[in-house]
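# Topology and contacts: notes
Letter by letter, the chains look like this.
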Amino acid sequence: MSNKMWGGRFSTAPDAIMEEINASIGFDQRLYAQDIAGSKAHVAMLAAQGIVSAKDAQKIGKGLDTILSEIEAGKFSFRRDLEDTQMTGDPRLAQIAGPAAGRLPTARSRNDQVATDFRLYVRDTLDALDAQLADLQLALAETALAHAATVMPGFTHLQTAQPVTFGHHLMAYVEMTARDRGRLKDARARLNECPLGAAALAGTSFPIDREATARALGFDRPTANSLDSVSDRDFVMETLAAASICAVHLSRFAEEIVIWTTPAFAMVKLSDAFTTGSSIMPQKRNPDAAELVRAKSGRIIGALTGILVVMKGLPLAYAKDMQEDKEGAFDALSALSLVIAASAGMVRDLVPDAKRMAAAAGQGYATATDLADWLVRALNIPFREAHHITGRIVGLAAERSIALHKLPLAEMQAVDGRITADVFSVLSVARSVKSRTSYGGTAPVRVRAQARRWLKKLQAGKR
């Protein structure tokens, strides 16, 4: 008796352990819609080329539609003994379409079939992620516009550096997200070639029309080399690399939310919708959503590392190692979708404490650079000398534990007699922020302009 899957070449069933390690249906069944779409395009092309009859193609097409409806209705059983999505529909198709079902694999292999399915899946996912990231940008830009003049401390080394506005800080993530979207779009553009027709590795002797199947599935063109078509997964690597960078950006933002919401900072509040309590400490409000956004970046980066390691030593063409290309990618892309949604939710939920932020912005002599700049502008002092003078004045203020704008003019003049009362015009936090009018700067007028530009662009994209 021959093996149920492989016919005459194999006379016995696989060992249970072999079946266990070989099966991928547990995770790749999510490719069912893409697999059926690819099969329908393939059989339509076979009929158009006269490789199968129109009657058989019609039976196969209807059978595939039936299977799709059964899967979507939860009435289809994915058989683990048939290994993967590409094989599990065959027995049911034979029941529906009869002997015609046996013509579907003509001029096709599981190698080009799964490569096509996976490209379609990643492409669909990239489109969904782009829409989510656009929504995140919208949330950020809307909040930034509302808080274009809300002063907060800007940090370097997590030490108070210079005053900025909360809107300006959020707009930084709009720009990061724009680059994330660009990388994902680049990945989509490069993956949008159709492997179908490459067959196992060498193409086929049947007179197929690869341009037709590529068009039918929304690809820009067929892949140009059959070996490359079935043996590379750089489209997954590139997607996961872009996803990893995006996850790092979101993790950094999540880390800031964790910092801002802790009582030591208390600059931002999240509602019950995005926080949790403690089982023992009734006063706690934990920013768990932000913490999980931060943590899930590890899953996404891990998936990228995983596929790079899987692929690094594989000779051309296909090897079963490549079955390990999907599970990590599925998990990573699902995780990215979740953290984008959580990030957008937190942006819309958070409420900044403007008074607390403004007070914090003035700590740590944050306007010292404004003093140095004033010395350069008003007194024509070289910046290096101005830096030194400012440092001495900051030292005096620190000795007396007072803010720069509270230091008497006489004490400043004791450091440098050229300083005039006009210096106090630049030492307040509000004036400091307002003065930063260079393109891309934190001045509220600049932040509003950038936020409105992005809102116009994002809202136009939704129409």
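An account of the accompanying structure is given in this report. (Residues numbered from 1 in each chain as written. Predicted model: local features only at pLDDT ≥ 70, side-chain atom pairs only at ≥ 80, totals over all residues. Heavy atoms only, no water.)

## Here we look at the packing of aromatic side chains
What the rule picks out here adds up to seven aromatic pairs. With a centroid separation of 5.7 Å and 70° between ring planes, the pair formed by Phe-166 and Trp-260 is classed as edge-to-face. On the criterion of sequence distance, the pair formed by Phe-166 in helix 8 (residues 166–191) and Trp-260 in helix 11 (residues 234–261) is long-range, its members being 94 residues apart. On the accessibility criterion, Phe-166 (0% relative accessible area) is buried. Ring pairing ties together the aromatic residues Phe-118, Tyr-121, Phe-235 and Phe-330, which thus form one cluster. Just above the ring of Phe-219 sits the side chain of Arg-123; from NZ or CZ to the centre is 4.9 Å. Directly above the ring of Phe-118 sits Lys-326, whose terminal nitrogen or CZ lies 5.6 Å from the centroid. (Phe/Tyr/Trp six-rings, centres within 6.5 Å; stacked < 30°, edge-to-face > 60°. Helix = DSSP H or I, 4+ residues; strand = E, 2+ residues; numbered from the N terminus. Buried < 20%, exposed > 50% of the residue type's maximum accessible area, 1.4 Å probe, protein only. Lys NZ or Arg CZ within 6 Å of the ring centre and 35° of its normal.)

## Topic: the pattern of salt bridges
Considering all chains together, one arrives at 20 salt bridges under this definition. We note a salt bridge from Glu-385 to Arg-418, for which the minimum N-O separation is 3.2 Å. With Glu-385 in helix 16 (residues 383–400) and Arg-418 in the loop between helix 17 (409–415) and helix 18 (429–435), this residue pair connects regions lying 33 residues apart in the sequence. One continuous salt-bridge network, built from bridges that share partners, spans Arg-233, Asp-325 and Lys-326. (Salt bridge = Lys/Arg side-chain N within 4 Å of Asp/Glu carboxyl O.)

## Some remarks on the environment of Asp-35
Tracing the backbone through its elements, the reader meets Asp-35 in helix 3 (residues 32–48). Exposure remark for Asp-35: the relative accessible area of 8% places this residue in the buried category. Each C-alpha atom, one on Asp-35 and one on Ala-115, is 10.0 Å from the other, the two residues being 80 residues apart in sequence.

## Focus: the side chain of His-249
Mapped onto the fold, His-249 is located in helix 11. Taking the relative accessible area as the measure of exposure, His-249 reaches 12% and is therefore buried. In this structure, His-249 is in contact with Tyr-173, Met-176, Asp-180 and Arg-183, ignoring residues within four places of it in sequence. (Contact = heavy atoms within 4.5 Å.)

## Description of helix 12 (residues 288–311)
Across its 24 residues, helix 12 extends 35 Å between first and last C-alpha, which sits within 8% of the 34 Å expected from 1.5 Å per residue. Ala-289, Ala-290, Val-293, Ser-297, Ile-300, Ala-303, Leu-304, Ile-307 and Met-311 are the residues of helix 12 that are buried. On the buried face of helix 12, the contacting elements are helix 10 (226–231), helix 11 and helix 13 (327–349). (Expected span 1.5 Å × (residues − 1).)

## As for a nonpolar patch on the surface
There is a patch of nonpolar side chains on the surface, built from Leu-201, Leu-227 and Leu-316 and spanning about 270 Å² of accessible area. Along the chain, Leu-227 falls in helix 10. (Patch = residues over 30% accessible without salt bridge, like charges linked within 9 Å, V, L, I, M, F, W, Y side chains within 5 Å. Areas by Shrake-Rupley, 256 points an atom, 1.4 Å probe, with all protein chains shown as cover.)

## Comments concerning the packing of helix 8 against helix 11
With their axes 8 Å apart at the nearest point, helix 8 and helix 11 run at an angle of 165° to one another. Classified by the angle their axes make, helix 8 and helix 11 are roughly antiparallel. Handedness of the helix 8/helix 11 crossing: left-handed. Note on element contacts: helix 11 touches helix 8 through Phe-235, Glu-238, Thr-239, Ala-242, Ala-243, Ile-245, Cys-246, His-249, Arg-252, Phe-253, Glu-256 and Trp-260, opposite Phe-166, His-169, Leu-170, Tyr-173, Met-176, Asp-180, Arg-183, Leu-184, Asp-186, Ala-187, Arg-190 and Leu-191. Looking at the contact of helix 8 with helix 11 residue by residue, the class counts come to 14 nonpolar, three polar and seven charged. (Axes fitted to C-alpha atoms, helices over the stretch in contact; angles between N-to-C directions. Parallel < 35°, antiparallel > 145°, perpendicular 65-115°, else oblique. Left-handed = near helix turned anticlockwise from the far one by under 90°. Nonpolar A, V, L, I, M, F, W, Y, C, P; charged D, E, K, R; others polar.)

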